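Structural features, examined
Here's the letter readout for the chains.
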Amino acid sequence: MTVPVVEPERYEAQLDAKRERVTAQFARFSPPALEVFPSPPSHYRQRCEFRLWHEGDDLFYAMFEVDPSDPKRKEVIRLDDYPVASERINALMPALREALLASDVLRRKLFQVEFLTTLSGEALVTLIYHRQLDAAWEQEARALQTTLGVSIIGRARKQRLVLDRDHVWERLQVEGREFVYQQVENSFTQPNAAICQSMLGWARDVTRDSREGDLVEFYCGNGNFTVALAENFRRVVATEISRTSVASANVNLEANAVANAVVARMSAEEFSVALAGEKTGRRVAALALDEHTFTTALVDPPRAGLDAHSCEQLKVYERIVYISCNPDTLEANLEQLSATHVVTRFALFDQFPYTDHCECGVLLERRAPAARA
């Protein structure tokens with residue numbers, strides 16, 4: 001990987017470069033003007049992981065810089081702070097390092113540290129070892145929890161010790177509303193909380209006039225969009241394959257008093273077959289899909305995007321909200337979807353400043369019959 005260099009003075013220039021690149025890449029789809037949502041120029045990541053590098057009696061946080069000419073060659077980069085990470089993570093980094101230096105029990109065979117924090121300052125620290133953890137480790141780790149004001153998890157091969165809890169509670173402010181989310185250790189969450197707030201606000205805005213219809217959501221994760229969009233629709237049916245994420249999504253629906261949404265543990269491909277009426281069974285029957293009128297589909301796929309079959313199935317919906325973490329696969333999917341739908345809103349969310357990564361949001365609406373390709 002390449003360690004991002006945080007230079008707030010050049011943030012606007014790098015964002016302008018992304019704006020120009022995305023605008024040019026998607027020009028042939030004739031989208032409206034690109035809506036651009038900037039990130040804070042520093043301290044924007046709420047979760048980070050570091051290798052813990054040992055040199056004699058010293059230890060420090062490290063990342064690796066890969067040699068472009070020889071991917072097998074990696075340079076160890078020492079990190080005493082990390083401006084990419086939240087201010088809470090930066091405050092914890094030296095305090096945790098000093099505690100580890102002072103404890104042979106805590107530092108022995110420790111090779112990775114993971115931080116998960118929130119905008120309000122909650123923090124969960126996972127310490128990962130090349131050895132089994134014992135009562136002596138637990139005693140010192142509990143004392144460290146109190147000293148740092150964090151929750152600690154210890155991990156080793158086939159071992160996971162949760163000393164307090166395995167999650168934090170993120171509170172996001174969107175359109176004057178507060179949404180609360182349980183975020184579980186070692187599960188996917190949006191790393192840039194400020195941008196996540198922008199994404200949720202944009203998604204609520206583009207679906208605001210949807211109360212007469214139902215939403216079907218693929219790849220819902222921990223219910224990030226499900227919770228925020230539920231009040232825009234009559235009902236919501238969302239799917240996710242990860243068991244941990246489904247459990248967390250259900251917790252989040254309850255925590256936000258969302259009563260008109262259900263989350264099914266099912267792959268996007270499996271759910272698509274169920275929607276087409278080609279799959280039956282207890283889980284499918286419980287969703288009562290034939291009682292819904294799905295007017296809008298929301299997809300937030302992995303970097304690989306959607307396969308051709310999934311794209312074809314999306315064409316039955318009046319509106320498609322597509323959240324993409326990879327412009328190249330989004331472009332390929334739009335080639336197929338634009339036969340029946342037109343891009344009516346287009347957004348760039350700068351999730352990862354100072355990198356080439358671009359997160360996009362697209363609203364597609366079905367073309368009038370006479371205008372279809």
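Predicted model only: the values in this text are computed from it and were never measured.

What counts and what doesn't
- Residues numbered from 1 in each chain as written.
- Predicted model: local features only at pLDDT ≥ 70, side-chain atom pairs only at ≥ 80, totals over all residues.
- Heavy atoms only, no water.
- Helix = DSSP H or I, 4+ residues; strand = E, 2+ residues; numbered from the N terminus.
- Expected span 1.5 Å × (residues − 1).
- Buried < 20%, exposed > 50% of the residue type's maximum accessible area, 1.4 Å probe, protein only.
- Pairing = 2+ DSSP bridges.
- Axes fitted to C-alpha atoms, helices over the stretch in contact; angles between N-to-C directions.
- Contact = heavy atoms within 4.5 Å.
- Core = buried A, V, L, I, M, F, W, Y, C linked by side-chain atoms within 4.5 Å.

With respect to helix 5 (residues 193–206)
Given a rise of 1.5 Å per residue, 14 residues ought to cover 20 Å, and the 20 Å separating the end C-alpha atoms of helix 5 matches this to within 8%. Taking burial as the measure, the 14 residues of helix 5 include eleven buried ones, the bulk of the element.

With respect to the pairing of strand 17 (residues 359–366)
Of all eight residues in strand 17, six are buried; the element is thus mostly enclosed. Bridge analysis of strand 15 (residues 319–324) against strand 17 gives six bridges, and the strand direction is antiparallel. For Val321, the partnering residue across the bridge sits in strand 17 and is Leu363. Where strand 16 (residues 341–349) lies against strand 17, eight bridges are found, and the strand directions are antiparallel. Note that in strand 17 the partner of Val343 across the bridge is Leu364.

Description of the sheet that holds strand 16
Spatially, 1-16-17-15-14-11-12-13 is the arrangement adopted by the eight strands of the open sheet, whose pairing is mixed. The outermost strands of the open sheet, each flanked by one partner alone, are strand 1 (35–37) and strand 13 (261–265). Taking each pair of neighbouring strands and ignoring which way they run, the sheet shows an average axis angle of 15 degrees. Here strand 11 (residues 214–218) runs beside strand 14 (residues 294–299); their pairing, made up of five bridges, is parallel. Bridging across to strand 14, Asp214 finds its partner in Phe294. Helix-sheet contacts for helix 1 (residues 11–25) involve strand 1, strand 16 and strand 17, and the interaxial angle to strand 16 is about 165 degrees. Sitting on the sheet, helix 7 (residues 243–255) is in contact with strand 12 (236–240) and strand 13, with an inclination near 170 degrees to strand 13.

Topic: the nonpolar core
Grouped together as the largest cluster of nonpolar side chains are 67 residues, with contacts concentrated most on Phe50, Tyr82, Leu96 and Phe115. No other element matches helix 2 (residues 87–101), which puts five residues into this core. Apart from the residues within four sequence positions on either side, Phe115 is in contact with Gln46, Arg47, Cys48, Phe50, Tyr61, Ile89, Leu92, Met93, Leu96, Leu124 and Val125. The next biggest cluster of nonpolar side chains, apart from the first, holds 34 residues, and it includes Ile195, Cys196, Leu215 and Leu298.

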